[in-house]
Amino acid sequence: MALPKLSVAEYLPLDILPLILEYITDRRDLHTCAQLSRAFHHATTPLLYRTLDTLQRAVVVHPSTTILKRPEYARYVRHVRENGSAFSFAILRRLAECLDVGAVGYHRPDLMANCRKALRLCVNLEGFTWSDDSSEGPDETDFLEYLDVLQHLPLRELVIRTFYGLSDTVWTQLQNFTALSKVSIWCMEGKPRILQGWSEKLGSSLTHLELGRCSGVPASILISVLSQLPRLRALRLKGAPSAAILEILTFLPHLEMLDTEYFGAAALSRYDDVPVARLRELTVRTSSVHIQGFQQLWPWIRRLTPRASLESFTLNAFSTQGEAFVPRAFLLDMAQTHKDTLRHFTADSTQMTLKDIECVCTVFPQLETLACSTVWSPDIMLYEDAIRKANNLRELRMNINNWAPSHTRMNGFNKGAVELGVRNMMLREGSVLRVIGMGSIVHRGQWVAKKNKDGTARVDFEITSNEVQDMWD
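Note that this is a predicted model, so its numbers are computed, not measured. (Residues numbered from 1 in each chain as written. Predicted model: local features only at pLDDT ≥ 70, side-chain atom pairs only at ≥ 80, totals over all residues. Heavy atoms only, no water.)

Q: Please explain the overall build of the protein as it appears in this structure.
A: Tallying secondary structure elements over the protein gives 18 helices and 16 strands in all. Relative to its full complement of 473 residues, the protein shows a buried share of 45%. Within the protein, contacts between residues at least 6 apart in sequence are counted, and of these 68% link residues at least 24 apart. As displayed, the protein has an accessible area near 24,600 Å², and 53% of this comes from carbon and sulfur atoms. (Helix = DSSP H or I, 4+ residues; strand = E, 2+ residues; numbered from the N terminus. Buried < 20%, exposed > 50% of the residue type's maximum accessible area, 1.4 Å probe, protein only. Contact = heavy atoms within 4.5 Å. Areas by Shrake-Rupley, 256 points an atom, 1.4 Å probe, with all protein chains shown as cover.)

Q: Please clarify how the pattern of salt bridges should be interpreted in this entry.
A: As a working rule, side chains carrying opposite charge can pair if their charged atoms are close by. Under the criterion given, the structure shown has 20 salt bridges. For the salt bridge of aspartate 259 with arginine 285, the shortest nitrogen-to-oxygen distance reads 2.8 Å. Placement of aspartate 259 in strand 8 (residues 257-262) and of arginine 285 in strand 9 (residues 281-288) is noted, with a sequence separation of 26 residues between them. Look at aspartate 259 and you get buried, because its relative accessible area is 7%. Where salt bridges share partners, they join Asp168, Lys191 and Arg193 into one cluster. (Salt bridge = Lys/Arg side-chain N within 4 Å of Asp/Glu carboxyl O.)

Q: Any chance you could explain the environment of proline 71 here in plain terms?
A: Position of proline 71 among the secondary structure elements: in the loop between helix 5 (63-69) and strand 2 (79-83). Spatially, the C-alpha atom of proline 71 lies 7.9 Å from that of alanine 118, the residues being 47 residues apart in sequence.

Q: What is the right way to look at the nonpolar core in this model?
A: Soluble globular proteins: nonpolar side chains tend toward being buried together. Formed by 123 residues in total, the largest nonpolar core has its most connected members in Leu195 and Trp198. Discounting residues that sit within four places of it in the chain, leucine 195 has contacts with Trp171, Val183, Ile185, Leu202, Leu206, Leu209, Leu211, Val225 and Leu229. (Core = buried A, V, L, I, M, F, W, Y, C linked by side-chain atoms within 4.5 Å.)

Q: I keep staring at the confidence of the model for the protein and nothing clicks. Help me out?
A: For residues with low pLDDT, the predicted coordinates do not support detailed interpretation. When pLDDT is averaged along the protein, the result is 84, and 82% of the positions lie at 70 or above. Note on residues 88-107: pLDDT is under 50 here. Beyond four places in sequence and across chains, it has 18 contacts. Low confidence marks residues 402-409, where pLDDT is under 50. Its contacts with residues over four positions away, or in another chain, come to 18 contacts. (pLDDT = per-residue confidence, 0-100.)

Q: Please clarify how the packing of aromatic side chains should be interpreted in this entry.
A: What describes a pair of aromatic rings is the distance from one ring centre to the other and the angle between the planes of the rings. Scanning the entire structure with this criterion turns up twelve aromatic pairs. Relative to tyrosine 73, the ring of tyrosine 49 lies with its centre 4.7 Å away and its plane at 35°, an arrangement referred to as tilted. Residue tyrosine 49 is located in the loop between helix 4 (38-48) and strand 1 (51-53), and its partner tyrosine 73 is located in the loop between helix 5 and strand 2; the two are separated by 24 residues in the primary sequence. Neither tyrosine 49 nor tyrosine 73 differs from the other in exposure class; each is buried. Geometrically, the ring pair formed by tyrosine 262 and tryptophan 300 is tilted, given 5.2 Å between the ring centres and 45° between the ring planes. On the criterion of sequence distance, the pair formed by tyrosine 262 in strand 8 and tryptophan 300 in helix 13 (residues 297-304) is long-range, its members being 38 residues apart. (Phe/Tyr/Trp six-rings, centres within 6.5 Å; stacked < 30°, edge-to-face > 60°.)

Q: Help me understand the packing of helix 7 (residues 111-120) against helix 8 (residues 141-150), please; the structure alone is not making it clear to me.
A: Two elements in contact, helix 7 and helix 8, have axes whose closest approach is 10 Å; the angle formed by their N-to-C orientations is 20°. The angle between helix 7 and helix 8 falls in the class roughly parallel. Read as a crossing pair, helix 7 and helix 8 show a hand that is right-handed. Along the contact surface, helix 7 presents Met112, Cys115, Arg116, Leu119 and Arg120, while helix 8 presents Asp142, Glu145, Tyr146, Val149 and Leu150. Class assignment of the residues belonging to the contact of helix 7 with helix 8 gives a composition of six nonpolar, no polar and four charged. (Axes fitted to C-alpha atoms, helices over the stretch in contact; angles between N-to-C directions. Parallel < 35°, antiparallel > 145°, perpendicular 65-115°, else oblique. Left-handed = near helix turned anticlockwise from the far one by under 90°. Nonpolar A, V, L, I, M, F, W, Y, C, P; charged D, E, K, R; others polar.)

Q: Explain the pairing of strand 6 (residues 208-211) here, please?
A: Looking along a regular strand, one sees the side chains alternate between the two faces of the sheet. Examined bridge by bridge, strand 5 (residues 182-187) and strand 6 share four bridges and lie parallel to one another. Of the residues in strand 6, the one forming a bridge with valine 183 is leucine 209. Since strand 6 and strand 7 (residues 234-237) lie parallel, the crossover through helix 11 (residues 219-226) that links them has a hand, and here it is right-handed. (Pairing = 2+ DSSP bridges. Right-handed = clockwise from strand over helix to strand, strands pointing away.)

Q: Would you explain helix 3 (residues 27-34) in this entry?
A: Along an α-helix, residues three or four positions apart point the same way, because every turn accommodates 3.6 residues. For helix 3, every residue scored as buried is listed here: Leu30, Cys33 and Ala34. Down the axis of helix 3, the buried side of the element spans an arc of 100°, and every buried residue falls inside it. Packing partners of the buried residues in helix 3 comprise helix 2 (17-21) and helix 4. The residue sitting at the N-terminus of helix 3 and contributing the capping side-chain oxygen is aspartate 26; that oxygen lies 2.8 Å from the backbone nitrogen of arginine 28. (Arc of directions from axis to C-beta. Polar contact = N/O pair within 3.5 Å; in protein donor to acceptor, adjacent residues only side chain to side chain.)

Q: Explanation requested: the environment of proline 306 in the structure shown.
A: For proline 306, the location among the structural elements is in the loop between helix 13 and strand 10 (312-319). In sequence terms proline 306 and alanine 277 are 29 residues apart; their C-alpha atoms lie 9.4 Å from each other. Apart from residues lying up to four places away in sequence, proline 306 is in contact with Val274, Pro275 and Thr337.

Q: Could you clarify how one ought to interpret helix 13 in this entry?
A: Turning to helix 13, its buried residues are Leu297, Trp298, Trp300, Ile301 and Leu304. Projected onto a plane normal to the axis of helix 13, the buried residues spread over an arc of 160° and lie on a single side.

Q: What should I look at first to understand a nonpolar patch on the surface in this one?
A: A grouping of Ile16, Leu19 and Ile20 is seen on the molecular surface, where their side chains present a nonpolar patch of about 250 Å² in accessible area. Position of isoleucine 20 among the secondary structure elements: in helix 2. By relative accessible area, which is 43% here, isoleucine 20 ends up partly exposed. (Patch = residues over 30% accessible without salt bridge, like charges linked within 9 Å, V, L, I, M, F, W, Y side chains within 5 Å.)

Q: Just checking my understanding: could you explain the pairing of strand 3 (residues 127-132) for this structure?
A: Most of strand 3 is tucked away, with six of its six residues classed as buried. Where burial is concerned, the two faces of strand 3 agree: the one with Gly127, Thr129 and Ser131 and the one with Phe128, Trp130 and Asp132 are both buried. Two strands pair when backbone bridges link them, and strand 2 and strand 3 are joined in this way by five bridges, in the parallel orientation. Each bridged residue has a counterpart across the sheet, and for glutamate 82 the counterpart in strand 3 is tryptophan 130. Where strand 3 lies against strand 4 (residues 157-162), six bridges are found, and the strand directions are parallel.

Listed below in structure tokens is the structure:
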């Protein structure tokens, strides 16, 4: 007796289908999956409505329209990203003028009310992002009404990105949120908002903080505010006084991720206490009008990470007088502390010689990813030798002489020699390297199962090469 023909979904346990579908990142593919069968529709719908994100333009069909028609979907919503400028009457009016039609057809006075009505149904909401890049002047009426709704939801994460700053009225209302685990505030204008008056209310819950405008704030005030947030695990500061960073780290015992800036020799304060934070991820951003401006950068970084803990280090350093070099002494000093922990080293805006690359690959045996700028050489064997000891390296990206166009640099290589060199680096005994970027060319290798003409199976190692856009070309 022939068995009935079943769909693929019916062969799979329904409880693992959502776990498989989570790997789909394109919403169009998720929409397709939702239409395959009832089982797929049941598994895909929660993923489709997990995050509602409005477009960065005047919205024709807002996600709230669907939520109001199908309110049962609201329970799946965990994150909402709303674009305040999409509702700006000035923007819609300009659009109408360009299209030579009346602005009334584009202005939807009921849209905001429907958005708030739909938001109230999202009883499992965890995160909310408000973006408003309008430069027409601050009108916070809509945002204030959103905040009124959000106060009655189990919100844990709040992200605010606006061109204009936040008024005292908005700031007062924000302080009613006392159970947030993440706060991110990025404003181009207005008063710097660094959680003054709010931090003491968030001390027991806040673990992730991003302050995008600390410039002009005295170090003493910033230190005082952050010292009231002892549960912080991730901190990103823009414009913060570098001299205050060391002291801040003495108040944050659970901090694991720091993203901050360095502003020159003044960063070496007289504060001698050792940071209690054990950073796992460190990102430093800096620039200088002369290369010598980086001289105090290296000891400052070392003071931020006095104990073995660092797993990922990223340095974005720019100089108007040529590329800055990473000192060999700094690499060796870092290795004394973090040789057994560091896995990711990114300094793609900073110059390193091939000997420096060899040094990094040698003193950090656990290294998995490496990105840097390096000198151009027509001898591909020199690049092979530089990483020969990196047995855990999985990804290598090298900007080859940033100040020359990519096609000029790479034409100096013999194509066949490059392909052979890349293959040798990936298939060297003990190597797990599978991604190599040289200039604008990225090579990716993988084992592929194939069949011989006689039907027997074999496994080949294939390398694909693609050119990425180079902004300097």
